[in-house]
Structures are given as C-alpha cells and as structure tokens.
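Listed here are the chains, written in short residue letters.
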Amino acid sequence: MSQAADMKSPSQRVFLWSVPRSLSTILLKCLSYVRNFNLQVINEPYVSVHYYGPEKKLMKNNVEDKFESVFTQAGTAVTNYNAYDDALSTYQWVKELLEGEYMGKDMVICKDHGYNLNGLYHMLPKGYKHTFLIRHPQKTFPSLKKITESVCSVDFMQLEQKDFPEPMHHGYQKLFELMEYVIDSEEPHPIIIDADDLQKYPESIVKQYCQAIGIPFSPSLLSWESGPDVMDTWITSKQVKGNNHLSDGGFYSAAFNSTSFHPPNKMLDRSEVPKMLLPVIDDSLPYYEKMYQLRIKP
C-alpha cells in the first residue's frame, strides 16, 4: 500500500474558545509540543475575519483605528508559508479551511475568541468538539488595558467607555452565549478550564483536558522551549502572525517567551483597579461566574 493510501483525515477536531488575555496562547503552545502525535494548529482565523477580512466588523473608533494602523504595518512583513492573506478571510472561507482534510494529521485544534464569530453559529465548521477557557475579568481587563496601551500607544485615561477595545464590551457575553449554543445543540457538558486552575494545577488540568479531547498526555507537556518558533507550524493569517511579532513584543510575547505554567498573579483588589474598568468588569462578571461553576476541577 502506498504512503498516500495510508494517509487519513484527523479523527478528532477541537475548538478552544476564550476571551483575550486568558492564557489561551500559552495553552496552545503547550499542546503544540505533544510527542508522537501529529497535531495541526489553526490560530485565530475568526480574528482575521472580524478585524481584517472583507467582512470585518471594526468599531471604527480611535482605538480600533490605531489597531488597524499598527497591525496592518506588522502584517505586511510576514512571508511564512503557513500565513495566508487576510483578504481571503470570510466566514465561509474559514469554515472551509477548518473543514479541510488535513491528511496525515491526528488532530486539528483551533483557538479563537467567541466574540469574533459575531453569533453566526450556522457558520461553525462541522465535526468539532468545542471547549472553553475562562479567566476572571478582573484579571483580563487590566491586562488588556496594559498591553493595548503598550502596543498601540493608547491612553485609557483619555477614552470614553464606548471607545474601549471591543472584548471589553461583550467578550464574556458572547463567549457565554456560544457555550449555551453548544450545550443546546451539540455537547451537553463541554469542557471548561479556568486560567487560575491551569496555572495552579497544570498537571491535573492539562491531563484532564488532553484526555477529554484525545491528545496523549505526558509530564513532558508541562515544559517547552522559549521563543515564537512553534508558531511557524500553526496555520494563521499574515495579520495575526504579524501582530504577534511587533517590535514592542506584540500581544503574545509573554506566551512565546514562556517555558512552563507559572503560579497565577494575585488579582488586583477593586480599589486597585482603574476606575474606568469597573463597569465593564461588573458587566462581564455574571457570565464568567456561570461558566466557572461548570469548569473542570483539579
């Protein structure tokens, strides 16, 4: 029998849904080092659709304008063969990308943010197991503020709440609604991971996650090489890849520089949180707490 005849499509396909600044890139990097298992990663295709493709949904305020300017410049420098042109990025094209055959792969896993789907559940690819990663909004939003100010030179003190980055408006709500859709239509008990649990108990959480989605677990998964080279094996768009390699470090520099999971940072007390963030934290908290009750436990 020829080698081509031995090739087969992946037996398992998995989605990892999250909100920004929830350690999803670190988890994806961790899983990318699985041994004796042919894993294909597709990274944030809906980010490309939502922000850069022909169907983009930019809010068109000062923050989004700066995002677009900084990221467009970054994306033009990307030539990696696994990075596709964002002009291709429509919801239909991404659906076809995710449903591709990927012959010889044991699994395809895709990471993205729920709000980028814009509620278009009929455009979800077929055959995927949907999983979720959450993090307390009192951690994610200060982190998003800090990285946005650093990368895009945005001063939140000068912004009205309506001009905050889009995930602060309905990122948690959209993630929760996507989970409800999955529960009602596909999986009554989807896997949900909390980022603090992942950092406190990495072996327990990563092992449970691997077992649930079909990746062979070994303790070697709990440490990996520093640097962004692993992303060269991921399928992603030029803009998304470029955003991660900005001269100032990009949005995922901490993830790419990591070599293991570290204990979680202490959550800021409400009195320490910038006051302009408190309303969006309070709006997001009920959605987070409902998902938190359904998470896998160490």
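The rules behind each value
- Residues numbered from 1 in each chain as written.
- Predicted model: local features only at pLDDT ≥ 70, side-chain atom pairs only at ≥ 80, totals over all residues.
- Heavy atoms only, no water.
- Helix = DSSP H or I, 4+ residues; strand = E, 2+ residues; numbered from the N terminus.
- Buried < 20%, exposed > 50% of the residue type's maximum accessible area, 1.4 Å probe, protein only.
- Contact = heavy atoms within 4.5 Å.
- Lys, Arg positive; Asp, Glu negative; His and termini not counted.
- Salt bridge = Lys/Arg side-chain N within 4 Å of Asp/Glu carboxyl O.
- Polar contact = N/O pair within 3.5 Å; in protein donor to acceptor, adjacent residues only side chain to side chain.
- Pairing = 2+ DSSP bridges.
- Axes fitted to C-alpha atoms, helices over the stretch in contact; angles between N-to-C directions.
- Arc of directions from axis to C-beta.
- Disulfide = S-S within 2.5 Å.
- Left-handed = near helix turned anticlockwise from the far one by under 90°.
- Parallel < 35°, antiparallel > 145°, perpendicular 65-115°, else oblique.

## Remarks on the overall build of the protein chain
Along the protein chain, the regular secondary structure elements total 12 helices and seven strands. The buried share of the protein chain, taken over its 298 residues, is 56%. Sequence separation of 24 or more characterises 86% of the internal contacts of the protein chain that already satisfy a separation of 6 or more.

## Regarding unusual backbone geometry
For Arg21, which is not glycine, the phi dihedral falls at a positive 65°. A positive phi angle is found at Tyr102, which is not glycine, with a value near 50°. If you trace the backbone, Tyr102 turns up in the loop between α5 (91-98) and β4 (107-113).

## Considering the side chain of Asp86
Positionally, Asp86 belongs in the loop between β3 (83-84) and α5. One buried charged side chain, Asp86, makes no salt bridge at all; its nearest oppositely charged neighbour is Lys238, positioned 7.6 Å away. Among the polar contacts made by the side chain of Asp86, one reaches the side chain of Ser237 at a distance of 2.7 Å. Within the structure, the side chain of Asp86 is placed 3.5 Å from the backbone nitrogen of Lys238, a separation counted as a polar contact. When near neighbours in sequence (up to four residues on either side) are disregarded, Asp86 contacts Ser48, Tyr52, Gly53, Pro54, Ser237, Lys238 and Gln239.

## Some details on the sheet that holds strand β6 (residues 192-194)
Spatially, β2-β4-β1-β5-β6 is the arrangement adopted by the five strands of the open sheet, whose pairing is parallel. Looking at the sheet topology across the chains shown, the edges are occupied by β2 (39-43) and β6. For this sheet, the mean angle separating the axes of adjacent strands, direction not counted, is 20°. Set on the sheet, helix α9 (residues 202-213) makes contact with β1 (12-18), β4, β5 (129-134) and β6; between it and β1 the angle comes to about 135°. Across the sheet, helix α12 (residues 278-292) is in contact with β5 and β6; its angle to β5 comes to roughly 120°.

## Focus: α5
Of all the residues in α5, the buried ones are Tyr91, Val94, Lys95, Leu97 and Leu98. Relative to the axis of α5, the buried residues are bounded by an arc of 160° and lie together on one face. Where α5 is buried, its residues contact β1, β2, α3 (45-51), β3 and β4.

## Some words on the state of the cysteines
The tally for this structure, following the rule as stated, stands at zero disulfides. Unpaired in terms of disulfides, Cys30 finds its nearest cysteine sulfur in Cys210, a separation of 6.6 Å. Look at Cys210 and you get buried, because its relative accessible area is 0%.

## Here we look at the environment of Ser18
Following the sequence through the fold, Ser18 ends up in strand β1. Spatially, the C-alpha atom of Ser18 lies 8.5 Å from that of Tyr172, the residues being 154 residues apart in sequence. Those residues in contact with Ser18, other than ones at most four positions away along the chain, are Ser24, Asp112, His113, Gly114, Leu133 and Leu175. Reaching out from Ser18, the side chain makes a polar contact with the side chain of Ser24 at a distance of 3.5 Å.

## Some words on the packing of helix α6 (residues 137-152) against helix α7 (residues 167-185)
The N-to-C vectors of α6 and α7 enclose an angle of 145°; their axes lie 12 Å apart at closest approach. Along this stretch, α6 crosses α7, giving a crossing that reads as right-handed. Between α6 and α7, the contacting residues are Pro137, Thr140, Phe141, Leu144 and Lys145 on the first element and Pro167, Met168 and Tyr172 on the second.

## Concerning the packing of α7 against α12
In the contact formed by α7 and α12, the axes pass within 8 Å of each other and the chain directions differ by 20°. Classified by the interaxial angle, the pair formed by α7 and α12 is roughly parallel. By crossing handedness, the relation of α7 to α12 is classed as left-handed. Contacts between α7 and α12 involve Met168, Tyr172, Gln173, Leu175, Phe176 and Met179 on the former and, on the latter, Val280, Ser284, Tyr287, Tyr288, Lys290 and Met291.

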